[in-house]
Amino acid sequence: MSALVISAGFFMISGCTKIPGNDSQAEISQQELINRLESRIRELEQKISEKGNSSPEVDRNTPEGPIKSITFRMGSKDDRLRIYWADGSSSDLPCTQEQSTLACG
């Protein structure tokens, strides 16, 4: 067991030593990696800014206004979450068993 630890330590230490003549290639690879990451960051920032300028989607099935009350039915043939809106309408979200939790919507 101690021989395994010693050999693992040797490999870790030897991995930290410099190999002559390999520095310029490592610098080029690192610079290329940095350039790729910067390019990807610019792409993501552009996507975020484009998405931020668009208006949010409107759900035509959801009434405008506040919620009056919510009821939850479980253990019947129609497990559901029902939302009662202040304008008198209601919305039903069917619920199903997903692994160990109940998912509605």
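In this report, we go over the structure that sits alongside the text. (Residues numbered from 1 in each chain as written. Predicted model: local features only at pLDDT ≥ 70, side-chain atom pairs only at ≥ 80, totals over all residues. Heavy atoms only, no water.)

Okay, the sheet that holds strand β4 (residues 101–104) next. Backbone hydrogen bonds are what pair the strands of a sheet, in a parallel or an antiparallel way. Ordered in space as β1-β2-β3-β4, the four strands form an open sheet in which the pairing is antiparallel. If you trace the sheet from one side to the other, it starts and ends with β1 (67–73) and β4, each paired once. Direction aside, neighbouring strands of the sheet carry axes that sit 25° apart on average. (Pairing = 2+ DSSP bridges. Helix = DSSP H or I, 4+ residues; strand = E, 2+ residues; numbered from the N terminus. Axes fitted to C-alpha atoms, helices over the stretch in contact; angles between N-to-C directions.)

A separate point is the side chain of Ser91. Checked against the element boundaries, Ser91 lands in strand β3 (residues 90–98). Here the side chain of Ser91 touches Trp85 through a polar contact of 2.9 Å, side chain to side chain. (Polar contact = N/O pair within 3.5 Å; in protein donor to acceptor, adjacent residues only side chain to side chain.)

Turning our eyes to something else, we now look at the side chain of Arg80. Along the chain, Arg80 turns up in strand β2 (residues 80–85). With relative accessibility at 9%, the residue Arg80 sits in the buried group. Each residue touching Arg80, except ones within four places of it in the same chain, is listed here: Thr71, Phe72, Arg73, Asp92, Leu93, Pro94 and Cys95. (Buried < 20%, exposed > 50% of the residue type's maximum accessible area, 1.4 Å probe, protein only. Contact = heavy atoms within 4.5 Å.)

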